[in-house]
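Listed below are the residues making up each chain.
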Amino acid sequence: MKCFYYLSPTLADTGRASDDLHNSGVNDWFIHIISKNEAGLQRKHLHSSNYLETLDFVREGLLVAAIGFLLGLIFASFISLYELFGTEVPLIAYLGIVFLLTCFGAWQGGLVGISTENKKLLRFHDEIEAGKFLILVYAHRAEEEKVHAMMSRLHPEVLLLGLDPLFYNPFCSPKLV
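This one's a predicted model, so the numbers in the text were calculated from it and none came from an experiment.

Caption draft 1: Representation of the nonpolar core within the structure. One finds Tyr6, Leu21, Ile135, Val137, Val147 and Met151 to be the most contacted residues of the largest nonpolar core, which totals 19 residues. Where this core is concerned, the elements lending two or more residues are strand E1 (2-8), helix H1 (11-23), strand E2 (31-34), strand E3 (133-139) and helix H7 (144-154). Residue contributions to this core peak at 4 residues, all from E3. Sequence-distant contacts of Leu21, that is, excluding residues within four places in its chain, are made with Val26, Ile31, Val137, Val147, Met150 and Met151. Cys3, Leu7, Phe124 and Tyr138 belong to the second largest nonpolar core, which has 11 residues in total.

Caption draft 2: Up close: the environment of Ile67. Structurally, the position occupied by Ile67 is in helix H4 (residues 57-82). Look at Ile67 and you get partly exposed, because its relative accessible area is 48%. For Ile67 and Asp56, which are 11 residues apart along the polypeptide, the C-alpha to C-alpha distance reads 17 Å.

Caption draft 3: Spatial organisation of the sheet that holds E1. Within the open sheet, the 5 strands sit side by side as E2-E3-E1-E4-E5. Their pairing is antiparallel. Strand pairing shows two members of the sheet lacking a second neighbour, E2 and strand E5 (175-176), which therefore form its edges. The sheet contact formed by E2 and E3 spans 4 bridges and is antiparallel. Across the sheet, the residue bridging to Ile34 is Leu134, located in E3. Of the strands in this sheet, E1, E3 and strand E4 (159-164) are in contact with H7, which crosses E1 at around 10°.

Caption draft 4: Spatial organisation of the side chain of His155. Assignment of secondary structure puts His155 in the loop between H7 and E4. For His155, a relative accessible area of 3% corresponds to the buried category.

Caption draft 5: The arrangement of helix H5 (residues 91-114) in detail. Helix length check: H5, at 24 residues, gives a terminal C-alpha distance of 35 Å against a target of 34 Å (1.5 Å per residue), a fit within 8%. Along H5, the residues classified as buried are Tyr94, Ile97, Val98, Gly105, Gly109, Gly110 and Gly113. The secondary structure elements touched by the buried residues of H5 are H4.

Caption draft 6: Highlighting the packing of H1 against H7. The geometry of H1 relative to H7 is characterised by a closest axis approach of 11 Å and an angle of 140° between their N-to-C directions. Classified by the angle their axes make, H1 and H7 are oblique. Between H1 and H7 lies a crossing whose hand is right-handed. When H1 is examined against H7, the residues Ala17, Asp20 and Leu21 are found in contact with a partner set consisting of Val147, Met150, Met151 and Leu154.

Caption draft 7: Local environment of a nonpolar patch on the surface. A cluster of nonpolar side chains, Phe75, Phe78, Leu81, Tyr82, Leu84 and Phe85, forms an exposed patch at the surface whose accessible area comes to about 710 Å². Inspection of the secondary structure puts Phe78 in helix H4. With relative accessibility at 40%, the residue Phe78 sits in the partly exposed group.

Caption draft 8: Region of the structure containing H7. Within H7, burial applies to Glu144, Val147, Met150 and Met151. Buried residues of H7, viewed axially, fall in a sector of 145°; they line one side. For H7, exposure combined with an orientation more than 90 degrees from the buried face picks out Glu145 and Arg153. Among the structural elements, E1, H1 and E3 are those in contact with the buried residues of H7.

Caption draft 9: Region of interest: the packing of aromatic side chains. The tally for this structure, following the rule as stated, stands at 6 aromatic pairs. Between the aromatic rings of Phe4 and Tyr6, the centroid separation amounts to 6.1 Å while the plane-to-plane angle is 20°, which identifies the pairing as stacked. Each member of the pair Phe4 and Tyr6 is classed as buried. For the pair Phe104 and Trp107, a centre-to-centre distance of 5.7 Å together with 50° between the ring planes defines the contact as tilted. You can see Phe104 and its partner Trp107 sitting in helix H5, 3 residues apart, about one turn around the helix.

Cut-offs used in this document
Residues numbered from 1 in each chain as written. Predicted model: local features only at pLDDT ≥ 70, side-chain atom pairs only at ≥ 80, totals over all residues. Heavy atoms only, no water. Core = buried A, V, L, I, M, F, W, Y, C linked by side-chain atoms within 4.5 Å. Buried < 20%, exposed > 50% of the residue type's maximum accessible area, 1.4 Å probe, protein only. Helix = DSSP H or I, 4+ residues; strand = E, 2+ residues; numbered from the N terminus. Contact = heavy atoms within 4.5 Å. Pairing = 2+ DSSP bridges. Axes fitted to C-alpha atoms, helices over the stretch in contact; angles between N-to-C directions. Expected span 1.5 Å × (residues − 1). Parallel < 35°, antiparallel > 145°, perpendicular 65-115°, else oblique. Left-handed = near helix turned anticlockwise from the far one by under 90°. Patch = residues over 30% accessible without salt bridge, like charges linked within 9 Å, V, L, I, M, F, W, Y side chains within 5 Å. Areas by Shrake-Rupley, 256 points an atom, 1.4 Å probe, with all protein chains shown as cover. Salt bridge = Lys/Arg side-chain N within 4 Å of Asp/Glu carboxyl O. Arc of directions from axis to C-beta. Phe/Tyr/Trp six-rings, centres within 6.5 Å; stacked < 30°, edge-to-face > 60°.

Printed below as a string of structure tokens:
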């Protein structure tokens, strides 16, 4: 499954493209639209994007959880090395320290990510801010060519800007077309 990134200039063009995608067999769950005009999307009954697509809390949460894990290992090693709590500290205490610092890192990273735009959308930020509509189409391998051919044929005004073969990976960027 790939994610196609299409840029549409107007709400009307976005609505027509969405209707044609539905008519070609793409389920509504696989079409998400990112826009500043959320009210217009609701009026046209278009499927808006979700927080996983627009915010970066998964990526930031994982990154800072990894930092918390490393800090937990360092802290537990320091406690063990210098025997701060005596010589008979059970293993579960060290595991608890690592677990707590990992969870704290994930929480802190999630809070940072909630206030940060998804890194995959940075390349399209200026167009979205200018009032254009970014259409994300998730297509199964068997539908990829059909979706691309239909969009190219019926909607030349809607530009294909990128492809993301690993859309589920928060650390990879879409390939520009």
